[in-house]
Amino acid sequence: MPDPNGFLRYNRRLPARRPVPVRISDWREVYPPAGEDLVREQATRCMDCGIPFCHDGCPLGNRIPDWNDLVRTGSWDAAVESLHATNNFPEFTGRLCPAPCEAACVLGIGGGDPVTIKQVEVEIADAAVTRGGLEPRPPVAPTGRSVAVVGSGPAGLAAAQQLARAGHAVTVYERDDAIGGLLRYGIPDFKLEKQHIDRRQAQLAAEGVRFRTGVNVGVDVTAEQLREAHDAVLLACGALQGRDTPETPGRELRGVHQAMTHLVAANRVVAAAGEGRAALAVLPDGTPIDAAGKHVVIIGGGDTAADCLGVAHRQGTAGVHQLDLYPEPPHSRDADRDPWPTWPWLLRNYPAHEEGGDRVFAAAVQEFVDDGTGQVRAVRIAEVTVEKRDGRRIVTPLPGSERELPADLVLLAIGFEGTERQPLLEQFGVARNGRGAIDARPDWQTGADGVFVAGDMHRGASLIVWAIAEGRAAAAAIHAYLGGVGELPAPVDPARQPLAAR
């Protein structure tokens, strides 16, 4: 049985990050591997609660107490098996997920320190590689049915793996030149080195999944052609329609860009360097979008903004300001606002914030200032208050609080408005809803029979753990639709929402 006193004997500890001066000189991951002694110590803090709320915090239903205890006792092979029973790609979630499971850990009640679930998870995932590799699990017998998966992010890849292992012939269509979706070109290498994606691609290929990159479905291949070639289609194209601010004066100036264009350009440079090729950070039209020597203003306070901050540091920015519309969050959970085990509103300091830059809270841009040639030279900001009225957000500038910040490069990291408007939607007869997402019936089908949807394309911009959960659930629905033998695991249904106070 688990050690009932482990959480009393050991405090929460994480491995030290690589020193700032070292890590901003390259693009390698911020965290080095934790030693086995540290991981086993931290796993020992798990109490195997009678009702483990971490299961509810995680939409995958990961067997967290099980694999914590297996790590505690040194049973690494069994821990690898237990972790993969519910999660196709724990090396992704262990690095990128903000860990709602930890917010729901019983040790967090009353302001305590939860188990380092995320760190234990990533160490188990890495152990799977070092202790024999990611063994393919090809199907015993093919079913003779074929599935097209459009999009190769975590939802599409999870569904593809589940369906291939069930014996279906799966083809993944990706419009980029390499698979991975935002994992490949949206997430910087200092958070996820791309060798992890490459390993999974090799595993899926060995399990029978075919990959067609550089194919824009709806343009290069029509929906009709896809239906003729396959018995079912899964749409997993993500939610890449960036939110904009066209009403702000000066938005049209050069140097004001969507954050994702900057991240994609930077990731392509890193990818080219890894292949021994020289490349510049440029937009598709060749416009430079590099922070080197520039004053950068990042608008937004979330993960994407922090990614842009880390990239700017590594590109050699002259200085960065990150603007957040809302006031500075508290440093500890407000039980009245966000009672345990829900996800709390807290001040979250990402590794990129250790590396430099200034955070400005309760501030909004009033104007992007022209240098006289059509290039941005500054942003004019004001302190603001934000309140909700009848479900609408009301932002009120405070008189006399305006000031300018120098800006040669402005990045808009203010969220996403759903899946992109694209020809494949019209061709399939599928429409975006009011949130810019695609509705799903209880069996994960869209309004078009035989066409399913999963991940951010259905949910809206969300967490990687939700994308994998939806991909697994949609695969189970497709398997049933195709008359497959038995059932595949379905951790969520289309209406499932995160834990929340009612």
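Placed above this text is the structure.
Each value, and the rule that gives it
Just so you know, the residues in each chain are numbered from 1, in the order the chain's sequence is written. Where local features are concerned, this predicted model is filtered to residues with pLDDT of at least 70; where side-chain atom pairs are given and counted, the filter is 80 or more; whole-chain, interface and lining totals use all residues. Just so you know, side-chain values use all the structure's heavy atoms and leave hydrogens and water out. The criterion is simple. A nonpolar core is a set of buried Ala, Val, Leu, Ile, Met, Phe, Trp, Tyr and Cys residues joined through side-chain atoms within 4.5 Å. Exposed residues in this analysis have more than 50% of their type's maximum accessible area, buried residues have under 20%, and partly exposed residues fall in between, with area computed by a 1.4 Å probe over protein chains only. The secondary structure listing takes helices from DSSP runs of H or I that are at least 4 residues long and strands from runs of E that are at least 2 residues long, numbered from the N terminus. Contact between two residues is taken to exist if any of their heavy atoms lie within 4.5 Å; hydrogens are not considered. We count a salt bridge whenever a side-chain nitrogen from Lys or Arg sits within 4 Å of a carboxyl oxygen from Asp or Glu. Ring pairs are drawn from Phe, Tyr and Trp, using the six-membered ring of Trp, whenever the two centres fall within 6.5 Å, and their geometry is named by plane angle: stacked under 30 degrees, edge-to-face over 60, tilted for the rest. We call a charge positioned above a ring when the Lys NZ or Arg CZ atom is no farther than 6 Å from the ring centre and deviates by at most 35 degrees from the ring normal. How far a helix is expected to stretch is found by multiplying one less than its residue total by 1.5 Å. DSSP calls a pair of strands paired once it identifies at least 2 bridges connecting them. Helix axes are fitted only over the stretch in contact, all axes being lines through C-alpha atoms; the angle between N-to-C directions runs from 0 to 180 degrees.

Student: Just checking my understanding: could you explain the nonpolar core for this structure?
Tutor: Across soluble globular proteins, nonpolar side chains show a tendency to be buried alongside one another. Judged by nonpolar contacts, the single largest core of 64 residues is most densely connected at Trp67, Val71, Ile124, Val170, Leu234 and Ile478. Among the elements that line this core, the one with the most residues is helix H19 (residues 464-481), at ten residues. Counting residues in each nonpolar core, the second largest holds 23 residues, with Val30, Ala259, Met260 and Ala291 among its members.

Student: What exactly am I supposed to notice about the side chain of Thr116 here?
Tutor: Structurally, Thr116 can be placed in the loop between helix H8 (100-103) and helix H9 (117-130). On the basis of relative accessible area, Thr116 is assigned to the buried category, the value being 1%. Once you skip the residues sitting within four places of it in the chain, Thr116 turns out to touch Arg12, Arg13, Leu14, Gln42 and Glu102.

Student: Sorry, what's going on with the pattern of salt bridges here?
Tutor: Oppositely charged side chains may form a pair once their charged atoms are brought near each other. Considering all chains together, one arrives at 32 salt bridges under this definition. Arg95 serves as the salt-bridge partner of Asp126, at 3.1 Å between the closest nitrogen and oxygen. Taken together, the residues span a long stretch of sequence, with Asp126 in helix H9 and Arg95 in helix H7 (residues 90-96) at a distance of 31 residues. Close ionic contact of Arg459 with Glu470 constitutes a salt bridge, the shortest N to O distance being 2.9 Å. Here Arg459, found in helix H18 (residues 456-459), pairs with Glu470, found in helix H19; they are eleven residues apart in sequence, far enough to count as distant. The same class applies to Arg459 as to Glu470, namely buried. In this structure, a network of salt bridges that share partners links the residues Arg17, Arg23, Arg314, Glu354 and Glu355.

Student: Explanation requested: the packing of aromatic side chains in the structure shown.
Tutor: Within a pair of aromatic rings, the relevant descriptors are the distance that separates the centres and the angle that separates the planes. For the structure shown, the criterion picks out four aromatic pairs. Judged by centre distance (5.3 Å) and plane angle (35°), the ring pair of Phe89 and Phe92 falls under tilted. With respect to class, Phe89 is no different from Phe92; both count as buried. Relative to Tyr481, the ring of Phe452 has its centre 5.4 Å away and its plane inclined at 75°; by these criteria the two rings are edge-to-face. Of the two residues, Phe452 is situated in strand S14 (residues 451-453) and Tyr481 in helix H19; the sequence distance between them amounts to 29 residues. In this structure, Arg314 packs its charged tip against the face of Phe190, placed 4.0 Å from the ring centre. Its end group placed over the ring of Trp466, Arg459 keeps NZ or CZ at 3.8 Å from the ring centre.

Student: When you look at H9 in this model, what are you seeing that I'm missing?
Tutor: An α-helix turns once per 3.6 residues; consequently, residues spaced three or four apart project the same way. With 14 residues, H9 extends 20 Å between its outermost C-alpha atoms, agreeing within 8% with the 20 Å of an ideal straight helix rising 1.5 Å per residue. For H9, the buried fraction is high: ten of the 14 residues fall into the buried class. Within two residues after H9, Gly132 carries a phi angle of roughly 135°, on the positive side.

Student: Just to check I follow, could you spell out the sheet that holds strand S4 (residues 232-235) for this structure?
Tutor: Pairing between the strands of a sheet is mediated by backbone hydrogen bonds and can be parallel or antiparallel. Judged by pairing direction, the sheet is parallel, and its five strands sit side by side in the order S3-S2-S1-S4-S14 without closing on themselves. With partners counted over all chains shown, the strands left at the sheet margins are strand S3 (210-213) and S14, one partner each. Averaged over all pairs of adjacent strands, the angle between their axes in this sheet comes to 20°, without regard to strand direction. As paired elements, strand S1 (residues 146-150) and S4 share four bridges and run parallel to each other. Note that in S4 the partner of Val150 across the bridge is Leu235. With respect to the sheet, helix H10 (residues 154-165) is in contact with S1, strand S2 (169-174), S3 and S4, its orientation differing from that of S2 by roughly 165°.

Student: Would you mind going over the environment of Tyr185 with me for this structure?
Tutor: By the element assignment, Tyr185 lies in helix H11 (residues 182-185). Placed 182 residues apart in sequence, Tyr185 and Asp3 show a C-alpha to C-alpha distance of 42 Å.

Student: How do you make sense of helix H14 (residues 259-274) when you look at a structure like this?
Tutor: Given a rise of 1.5 Å per residue, 16 residues ought to cover 22 Å, and the 23 Å separating the end C-alpha atoms of H14 matches this to within 8%. Listing the buried residues of H14 in full gives Ala259, Met260, His262, Leu263, Ala265, Ala266, Asn267, Val270 and Ala272. Of the surrounding elements, those touching the buried residues of H14 are H11, strand S5 (256-258), helix H15 (303-315) and strand S13 (409-412). Phi turns positive, to about 80°, at Gly276, one or two residues after H14.

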